[in-house]
Amino acid sequence: MAKIAVGTVLRGSVWNFRCRVPKVVALRLGRTHLTSSLRTSCPNRARLRAARIASALANLWEYLSVTSLSPDRMRALIDDLIKSELDADALNRIETGWAADRAVRWNVGQGEAAAAMLADDAEGQLERWKGALEAHDWSAAKHEAGSLLERHDLDVDRGSSEFALLCMQVTAALAHVHGVRLDRSAGRFTPLLTERVSPETAPVGTATTAVGPPLGPLVDAFLEEAQRLGRYKEKRLYDVQNALRLFRTFIGDEVLLSDLTRPRIGDFRELLTRIPTNPTKRWPGKSIAEVLEIAEREGLRPITPTTANQKYLAHVRTFFDWCIAAGKCTTNPATDISVSALAKKGRLRNPFTMDELGTVLKSPIWYGCKSPDRVFDPGTTKVRDWRWWLFPLGLLTGCRLGELCSLTVDQVLQNDGVWYIDIVKAKSEAGVRRVPLHPTIMQMGFLAHVENMRQKGYETIWPGLNPKGGYLSNRASHWHADLLNLALGKEQRTARKVVYHSTRHNFIDRLRAARVPKDIRHAIVGHEPEDRNSAKHVEDDYGLGYEVSVLAEWVSRVEYPGLILPTP
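Calculation notes
Residues numbered from 1 in each chain as written. Predicted model: local features only at pLDDT ≥ 70, side-chain atom pairs only at ≥ 80, totals over all residues. Heavy atoms only, no water. Helix = DSSP H or I, 4+ residues; strand = E, 2+ residues; numbered from the N terminus. Buried < 20%, exposed > 50% of the residue type's maximum accessible area, 1.4 Å probe, protein only. Expected span 1.5 Å × (residues − 1). Core = buried A, V, L, I, M, F, W, Y, C linked by side-chain atoms within 4.5 Å. Contact = heavy atoms within 4.5 Å. Phe/Tyr/Trp six-rings, centres within 6.5 Å; stacked < 30°, edge-to-face > 60°. Lys NZ or Arg CZ within 6 Å of the ring centre and 35° of its normal. Pairing = 2+ DSSP bridges. Axes fitted to C-alpha atoms, helices over the stretch in contact; angles between N-to-C directions. Parallel < 35°, antiparallel > 145°, perpendicular 65-115°, else oblique. Left-handed = near helix turned anticlockwise from the far one by under 90°. Nonpolar A, V, L, I, M, F, W, Y, C, P; charged D, E, K, R; others polar. Salt bridge = Lys/Arg side-chain N within 4 Å of Asp/Glu carboxyl O. Patch = residues over 30% accessible without salt bridge, like charges linked within 9 Å, V, L, I, M, F, W, Y side chains within 5 Å. Areas by Shrake-Rupley, 256 points an atom, 1.4 Å probe, with all protein chains shown as cover. Lys, Arg positive; Asp, Glu negative; His and termini not counted. Charge placed at Lys NZ, Arg CZ, Asp CG, Glu CD. pLDDT = per-residue confidence, 0-100.

Colleague: Looking at this structure, I do not really get the overall build of the protein. What am I missing?
Modeller: When helices and strands are counted, the protein shows 24 helices and eight strands. Out of the 568 residues in the protein, the part that is buried amounts to 42%.

See the structure below:
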């Protein structure tokens, strides 16, 4: 990869900024690197933009590096303190050799001597810490609180209110611990693995032990195993990482698995009904509360119920299933938790009108633009990359944007004189299909473009189209949104509900206008039949489907009356 300065990387024709996240900050952000497009192919502009970003990030790193004791982190520290103290006490009761001298002197067994000595110590410590509680003398726990922070490599200002609160929590926890020790010396034991009771609410003398590992390390282990075993494809792995990043940010890395109950998962579900799309990408460094405030202030729409269920809650359920399989827990608290879908209000997307298509296809990208970086401005430069091809291909193949963006030179094939696109990866079984090339696509020089890419050694037919957020189609989708906003006006486009996917609606409408039979339409565009279980469709499971020559005959009948498509 070419570089012109620290942090700059050339991908295709566009410069990108990439940097490593400091370790202490990475633990909070849930990522080790940050990458962002500099939106320019000019080296000088890239240097300037990278320098500005690097300067801003330096200030951000300094701000985020200051350790903050969130309620969940403080709770985890107190749990660790209680567990370590009670574990040490239990060990002293098992290995009683240290009480041998006293046992001989008292003429009793080592166990009895150890119990008496531990009881004396526990009684004295309990009196000390109960006195501190009654006097609200939190400074009594400064040493213990400081040692606890050092054990976890946390740097907290000893004069801060957070440290004072930690001292108060430590005082209460130690009073609780020594009450439990006194009970043990009197023979009142409880099982070591009991449901955790917080020091604030547990009565003195009630045993409590932290159960289950913290969430953060488990998520890291789950993702590491998924990558190592190749459990997900790249774009699906990105979705899983994104979902679990938001989940662990909301819940807290230090929260124990035993504390993740259904009501807590329900709280996360409620968050998904309010948070807008891509919160971590759009507002890096912002807390969830800040993102929600921005969304409310700007009137941003939250993610859809489908997205909440399929791209967030489903991955959280999968994570807990893994925890069960790994022996970390016994139940899945996310089971059957979902966001109810809203009743549909008309179409989610509409086809373009012929006038709208005519307006869009008069854009400079097809007739001469300023430069490859300024394709929306009129000029004399001719651009023949994915930006020139995808919109006409959508109109004449009906393919989904993701299907077209992922095309390779080996997917454009010929059979019995018929050229077609071989869709091998799709969102459904019916989506795997052969789509004949419309005669107009041939006239536009598509085969020559594919052969040119093959001769240059490319596998993809769109070498300048790079993934964005794990998806090739993301960048193309955003670019086409800009194209339509400029051509039609953002308000009109939004009101009309037209997007790139509308080209698929147009193609299907033109198939209907050409009186193409429904089963042929399904075969061409990759739709499932309405009722796969009816006798009418039993024969669909036999044979290899329609010959591509049959499909090509029907595709050739698709027309857009009065519409002038671009030519090379």
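Colleague: Explain helix α16 (residues 386-397) here, please?
Modeller: Think of an α-helix as turning once every 3.6 residues; residues three or four places apart then point the same way. The end-to-end C-alpha distance of α16, which contains 12 residues, comes to 15 Å, matching closely the 16 Å that a straight helix rising 1.5 Å per residue would cover. Summarising burial for α16: 12 of the 12 residues are buried, a large majority. Residue G398 follows α16 closely and has a positive phi angle near 70°.

Colleague: Please explain the nonpolar core as it appears in this structure.
Modeller: Grouped burial of nonpolar side chains is what soluble globular proteins tend to show. Core analysis: the largest hydrophobic core is formed by 58 residues, its most contacted members being L390, F391, F446 and W462. At eight residues, the largest contribution of residues to this core is made by α16. Here L390 is in contact with L401, L404, C405, W462, A476, H480 and Y500, once residues within four sequence places are set aside. In this structure, L223, I275, V316 and C329 belong to the second largest nonpolar core, which totals 37 residues.

Colleague: Please clarify how the side chain of N309 should be interpreted in this entry.
Modeller: Within the element layout of this structure, N309 appears in helix α13 (residues 305-325). Taking the relative accessible area as the measure of exposure, N309 reaches 18% and is therefore buried. Here N309 is in contact with A314, R317, S338 and V339, once residues within four sequence places are set aside.

Colleague: Can you walk me through the packing of aromatic side chains in this structure?
Modeller: What describes a pair of aromatic rings is the distance from one ring centre to the other and the angle between the planes of the rings. Tallied over the entire structure, the rule returns 14 aromatic pairs. Geometrically, the ring pair formed by F250 and F268 is tilted, given 5.9 Å between the ring centres and 45° between the ring planes. Taken together, the residues F250 in helix α9 (residues 234-251) and F268 in helix α10 (residues 262-272) connect sequence positions 18 residues apart. The partly exposed category is assigned to F250, whose relative accessible area is 22%. What links up through ring pairs into an aromatic cluster is the set F222, F247, F250, F268, F319, F320 and W322. Above the plane of the ring of W386 lies R387, whose end atom (NZ or CZ) is 5.9 Å from the centre. Stacked on the ring of W554, the Lys or Arg R557 has its end atom at 4.1 Å from the ring centre.

Colleague: Whenever I open this one, the pairing of strand β1 (residues 8-11) confuses me. Can you help?
Modeller: Successive side chains on a regular strand alternate, one facing one side of the sheet and the next facing the other. In terms of strand pairing, β1 meets strand β2 (residues 14-20) through four bridges, oriented antiparallel. Note that in β2 the partner of V9 across the bridge is N16. Connecting the antiparallel pair β1 and β2 is a turn made up of two residues, with G12 showing a positive phi of about 70°.

Colleague: Just to check I follow, could you spell out the packing of helix α22 (residues 502-513) against helix α23 (residues 518-525) for this structure?
Modeller: A packed helix pair is summarised by two numbers, namely the angle formed by the two axes and the spacing between the axes. Between α22 and α23, the shortest axis-to-axis distance is 10 Å and the interhelical angle comes to 150°. Relative to α23, α22 is oriented roughly antiparallel. When you trace α22 past α23, the crossing you get is right-handed. Judged by residue contacts, R504, F507, I508, L511 and R512 of α22 engage R521, I524 and V525 from α23. Taken together, the residues of the contact of α22 with α23 break down into five nonpolar, no polar and three charged.

Colleague: What am I meant to see in the sheet that holds strand β8 (residues 433-436) here?
Modeller: Read from one edge to the other, the open sheet built from three strands follows the order β6-β7-β8, with strand pairing classed as antiparallel. Each edge of the open sheet is held by one strand with a lone partner, namely β6 (412-415) and β8. Averaged over all pairs of adjacent strands, the angle between strand axes in this sheet comes to 40°, irrespective of strand direction. Direction of pairing for β6 relative to strand β7 (residues 418-423): antiparallel, over a ladder of four bridges. Paired with V412 across the two strands is I421, which belongs to β7.

Colleague: Looking at this model, I keep getting lost on the sheet that holds β1. Mind explaining?
Modeller: By definition, the strands of a sheet pair up through backbone hydrogen bonds, in either a parallel or an antiparallel sense. Read from one edge of the open sheet, three strands run β1-β2-β3, paired in antiparallel fashion. Each of the sheet's edge strands pairs with one partner strand only, and the pair in question is β1 and β3 (33-37). Going across the sheet, the axis of each strand differs from the next one's by a mean of 30°, ignoring polarity.

Colleague: Quick question: what am I supposed to make of the pattern of salt bridges here?
Modeller: For side chains bearing opposite charge, pairing can occur when the charged atoms are close. Taken as a whole and assessed by the stated rule, the structure comprises 23 salt bridges. Its salt-bridge partner being R248, residue D220 comes within 2.9 Å of it at the nearest N-O pair. Here the residue D220 occupies a position in helix α8 (residues 215-228), and R248 occupies one in helix α9, the gap between them amounting to 28 residues. Taking relative accessible area as the criterion, R248 reaches 10% and is therefore assigned buried. Between D253 and R248 there is a salt bridge whose closest N-O contact spans 2.9 Å. The pair formed by D253 and R248 is uniform in burial state, with each residue classed as buried. Overlapping salt bridges, with partners in common, bring together D89, R93, D121, R181 and R184 in one network.

Colleague: Any chance you could explain the environment of H33 here in plain terms?
Modeller: Looking at the element boundaries, H33 is found in strand β3. For H33, a relative accessible area of 25% puts it in the partly exposed group. The sequence separation of H33 and C19 amounts to 14 residues, and the corresponding C-alpha distance is 5.7 Å. What H33 contacts, discounting residues up to four positions off in sequence, is R18, C19, R20 and V21.

Colleague: Explain a positive patch on the surface to me, please; I cannot follow it from the model alone.
Modeller: Among the surface-exposed residues, K233, K235, R236, K311 and K425 lie close enough to one another that they form a single positively charged patch. In this structure, K425 sits in the loop between β7 and β8. Classification of K425 by relative accessible area gives exposed; the value is 60%.

Colleague: Help me understand the confidence of the model for the protein, please; the structure alone is not making it clear to me.
Modeller: As a general rule, the predicted coordinates of low-pLDDT regions are not to be interpreted in detail. In the predicted model, the protein carries a mean pLDDT of 82, and 86% of its residues have values of at least 70. Residue range residues 191-211 is modelled with pLDDT below 50. Its contacts to residues more than four positions away, or to other chains, number 43 contacts. Residue range residues 531-539 is modelled with pLDDT below 50. Its contacts to residues more than four positions away, or to other chains, number four contacts.

Colleague: How should α23 be read in this particular structure?
Modeller: What α23 keeps buried is the set I520, R521, H522, I524 and V525. As for α23, its buried residues are in contact with β8, α22 and α24 (548-555). Phi turns positive one or two residues past the end of α23, at G526, with a value near 80°.

Colleague: Would you explain the packing of α16 against helix α20 (residues 472-488) in this entry?
Modeller: Look at α16 against α20: their axes get within 11 Å of each other, and the N-to-C directions meet at 80°. Between α16 and α20, the angle falls in the class roughly perpendicular. Contacts between α16 and α20 involve W386, R387, L390 and F391 on the former and, on the latter, R475, A476, W479, H480 and L484. Its residues placed into classes, the contact of α16 with α20 shows six nonpolar, one polar and two charged.

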